[in-house]
Amino acid sequence: AVCDMCKERIENHLAFTKGVTAADLVVESGVVTVSFKSNKTTIEDIREAINEIGYDADESPAKKEAYENLHHCCKKDSH
């Protein structure tokens, strides 16, 4: 995540992810903090949700097609 559009996209997507109760992305560090109900979702499910919209999550790479559809300023190799 490299800009405020990334922040909005990730936080909004996670807000609608089952079991997630809060998400906050700090753009400068690229770190998203997620609160979730462990009986409703897993860390792997959260990583997958982030990957599905075009972003890497820990060592889990973004889905290629989703990454390609990101705005040019949101792509990590444009910076």
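Residues numbered from 1 in each chain as written. Predicted model: local features only at pLDDT ≥ 70, side-chain atom pairs only at ≥ 80, totals over all residues. Heavy atoms only, no water.

S.K.: Would you mind showing me how to read the packing of aromatic side chains here?
M.R.: In this description, a pair of aromatic rings is defined by centroid distance and the angle of the planes. Counted by the stated rule, this structure contains 0 aromatic pairs. Of note, lysine 75 hangs over the ring of tyrosine 67, and the distance from its end group to the ring centre comes to 5.7 Å. Positioned above the aromatic ring of tyrosine 67, the side-chain terminus of lysine 76 is 6.0 Å from the ring centre. (Phe/Tyr/Trp six-rings, centres within 6.5 Å; stacked < 30°, edge-to-face > 60°. Lys NZ or Arg CZ within 6 Å of the ring centre and 35° of its normal.)

S.K.: How do you make sense of helix 2 (residues 43–52) when you look at a structure like this?
M.R.: Within the sequence span of helix 2, burial applies to Ile46, Ala49, Ile50 and Asn51. On its buried face, helix 2 is in contact with helix 1 (4–15), strand 1 (20–26), strand 2 (31–36) and helix 3 (64–68). One or two steps after helix 2, the chain reaches glycine 54, where phi turns positive at roughly 105°. (Buried < 20%, exposed > 50% of the residue type's maximum accessible area, 1.4 Å probe, protein only. Helix = DSSP H or I, 4+ residues; strand = E, 2+ residues; numbered from the N terminus. Contact = heavy atoms within 4.5 Å.)

S.K.: What should I look at first to understand helix 1 in this one?
M.R.: Each turn of an α-helix holds 3.6 residues, which means side chains three or four residues apart point in the same direction. Here helix 1 is 12 residues long and its end C-alpha atoms lie 16 Å apart, about the 16 Å a rise of 1.5 Å per residue gives. Within helix 1, burial applies to Cys6, Ile10, Glu11 and Leu14. Looking straight down helix 1, one finds its buried side chains confined to an arc of 115°; they lie on one side. The outward face of helix 1, more than 90 degrees from its buried face, is lined by the exposed residues Asp4 and Glu8. Here the buried face of helix 1 lies against strand 1, strand 2 and helix 2. (Expected span 1.5 Å × (residues − 1). Arc of directions from axis to C-beta.)

S.K.: Mind showing me how you'd approach the pattern of salt bridges here?
M.R.: All chains considered together, the criterion is met by 7 salt bridges. In this structure, lysine 7 engages aspartate 24 in a salt bridge whose closest nitrogen and oxygen atoms are separated by 3.2 Å. Taken as a pair, lysine 7 in helix 1 and aspartate 24 in strand 1 lie far apart in primary sequence, 17 residues in all. Taking the relative accessible area as the measure of exposure, aspartate 24 reaches 39% and is therefore partly exposed. The salt bridge involving lysine 76 is made with aspartate 56; its shortest N-O contact spans 2.4 Å. Of this pair, lysine 76 sits in the segment after helix 3 while aspartate 56 sits in the loop between helix 2 and helix 3, and the two are 20 residues apart along the sequence. In this structure, a network of salt bridges that share partners links the residues Lys7, Glu11 and Asp24. (Salt bridge = Lys/Arg side-chain N within 4 Å of Asp/Glu carboxyl O.)

S.K.: Would you mind showing me how to read the side chain of lysine 75 here?
M.R.: Along the chain, lysine 75 falls in the segment after helix 3. Engagement of the side chain of lysine 75 in a polar contact is seen with the backbone oxygen of glutamate 68, the distance being 3.2 Å. Leaving out residues up to four positions away in the same chain, lysine 75 has contacts with Tyr67, Glu68 and Leu70. (Polar contact = N/O pair within 3.5 Å; in protein donor to acceptor, adjacent residues only side chain to side chain.)

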